[in-house]
Amino acid sequence: MNHFPVTSESFIQRTAEMIVDYLDAKITIIALSGYNASQLEESAPEFMRQLESGKVEVVSGPFQTPFLALRSFVGSLLRYPIATCQTSHYVISLSFKEGIRFKHAIKGGYLAGRLANFKKKEELIVQPQFLSLGISCSVASDLINARRGVKEWGVVCHIRGSDISSDSAVSAKEFTYLKASSRSPKYFLASSDSLRKMAIARGLNDKNVATLYSPLNTHLMSWRTEPCYPRKGFRMIQVGRLVEKKGGRMSVMALASLPDTTIRLEIAGDGPERKFLKNLAESLGVADRVAFLGALPQKDVLRRIQAADLLLVPSLMGRNGDSEGIPNVIKEAMALGTIVVASNHSGAPEIVEDGVNGYLFPEGKQESFLDVLGKALDSLGEWPILRDAARKTVVSRFDSAQVARELESFYRRLVSSR
């Protein structure tokens, strides 16, 4: 992965925990652009215990700053001059001849050195967490194959959202290279059925692409015991990076249009849209009812979700084609007992069934969003039924134990194909 940890990428931490807990494997997390131990200790003390036990290790790569990357390269050049020059030549050739972006190619050169150090007797599976990192892993695999013969490891590459829906993450040339390169066996695991179909439409072999939902340890998600309707006014919450595709503007405008002026909105997260959203709330006269919480540790996010009455997820396709899979916050809210109001964007309909375990509205339709919010607020008697159905949905389909069994089947196929 690039950075570790990242607040909006809690699925990576949960995937690692799931593999350790259910598959009894040892994990090395390579954080190419940096690892912040103090941030991890604050946000995930349980994960720190796995680090201390030796079941998980985190390696910080050299790409935090250009200076560190340059220092790493010079050090490698002094220790292994021939191999470093060969690697550099291959990386530059890929960038010019294959159209691989230099940042992906150079990370692949670094990964080749890291992965080549694993013992051949180990059953090594490389698991890039995004399609763009899959490019770097393919570069590493091809580089190792060219220099040392075929290396015995397989690849399980995750597809999360914008990495398949937008050319800005993986260009057409890079996608062509990804399909054709690497003699190591590989599978692509999309985080929703909608993303799987998108990947196949872009040319991936449907036999090598499957849906694997991001895991959620539902046993650690405490079920709310208080009444599922508010006693002193409603509180809504939206969680995620403040970017266009999250639909934060729609939430602020919906709050301003609701007739009940006691309803409040919390927005947890940070990003480039924050200033615009604050100005929008001010111009609509609801600044005193919108709380911008900023980026929060995962435990605080869960606490805020559970304390809210409605989770708003008005996701929509970004102007650059940026899309989502299934936002993990939907699963978290459904497991905690908070009613979800979401757009039918991308993979959301794969988990939320309108009127059964939550509420759905057409993507990008402000008037429909307001209508569905009104329907939810007028149907408090249905909330206990929706909450129970939501919890059952998450436990049966997205619990870590279930996802672990599915992931293990892909591991076994990789091992047998080698």
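No experiment lies behind these values; they were computed from the predicted model shown.

About the criteria used
Residues numbered from 1 in each chain as written. Predicted model: local features only at pLDDT ≥ 70, side-chain atom pairs only at ≥ 80, totals over all residues. Heavy atoms only, no water. Pairing = 2+ DSSP bridges. Helix = DSSP H or I, 4+ residues; strand = E, 2+ residues; numbered from the N terminus. Axes fitted to C-alpha atoms, helices over the stretch in contact; angles between N-to-C directions. Buried < 20%, exposed > 50% of the residue type's maximum accessible area, 1.4 Å probe, protein only. Core = buried A, V, L, I, M, F, W, Y, C linked by side-chain atoms within 4.5 Å. Contact = heavy atoms within 4.5 Å. Phe/Tyr/Trp six-rings, centres within 6.5 Å; stacked < 30°, edge-to-face > 60°. Lys NZ or Arg CZ within 6 Å of the ring centre and 35° of its normal.

### Some remarks on the sheet that holds strand E4 (residues 153-159)
Here is step 1 of the chain: With parallel pairing, the four strands of this open sheet are ordered in space as E3-E4-E5-E6. Each having just a single partner strand, strand E3 (124-126) and strand E6 (209-211) make up the two edges of the open sheet. Strand-to-strand twist across the sheet, computed as the mean angle between neighbouring axes with direction ignored, equals 30°.

### Things to note about the pairing of E4
Here is step 1 of the chain: Counting buried positions along E4 gives seven out of seven residues, so the element sits mostly inside the fold.
Here is step 2 of the chain: Neither face of E4 is left uncovered, since the one carrying Trp153, Val155, Cys157 and Ile159 and the one carrying Gly154, Val156 and His158 both have all their residues buried.
Here is step 3 of the chain: Two elements, E3 and E4, share three bridges in a ladder whose sense is parallel. The residue bridging leucine 124 from the neighbouring strand is tryptophan 153, located in E4.

### Concerning the nonpolar core
Here is step 1 of the chain: Judged by nonpolar contacts, the single largest core of 69 residues is most densely connected at Phe4, Ile29, Phe47, Leu131 and Leu407.
Here is step 2 of the chain: It is helix H7 (residues 131-148) that provides the largest number of residues to this core, a total of eight residues.
Here is step 3 of the chain: Sequence-distant contacts of leucine 407, that is, excluding residues within four places in its chain, are made with Met18, Ile19, Leu23, Gln127, Val156, Leu189 and Leu212.
Here is step 4 of the chain: If you look at the next biggest cluster of nonpolar residues, it comprises 30 residues, including Val252, Ile263, Ala281 and Ala376.

### Looking at the packing of aromatic side chains
Here is step 1 of the chain: Tallied over the full model, the rule gives eight aromatic pairs.
Here is step 2 of the chain: Ring geometry for phenylalanine 63 and tyrosine 110: centres 5.8 Å apart, planes at 85°, overall edge-to-face. Taken as a pair, phenylalanine 63 in the loop between strand E2 (56-60) and helix H4 (66-79) and tyrosine 110 in helix H6 (residues 102-115) lie far apart in primary sequence, 47 residues in all. No difference in accessibility class separates phenylalanine 63 from tyrosine 110, as the two residues are buried.
Here is step 3 of the chain: Ring pairs connect the aromatic residues Phe4, Tyr35 and Phe47, which therefore count as one cluster.
Here is step 4 of the chain: Sitting above the plane of the phenylalanine 175 ring, arginine 202 keeps its charged end 4.4 Å from the centroid.
Here is step 5 of the chain: For arginine 249, the ring lying beneath its charged end belongs to phenylalanine 276, and the centroid distance is 3.9 Å.

### Some points on the pairing of strand E1 (residues 27-31)
Here is step 1 of the chain: Of all five residues in E1, four are buried, a share of seventy percent or more.
Here is step 2 of the chain: Strand direction decides the pairing type here: E1 and E2, joined by five bridges, are parallel. Residue pairing for E2: threonine 28 is matched across the bridge by glutamate 57.

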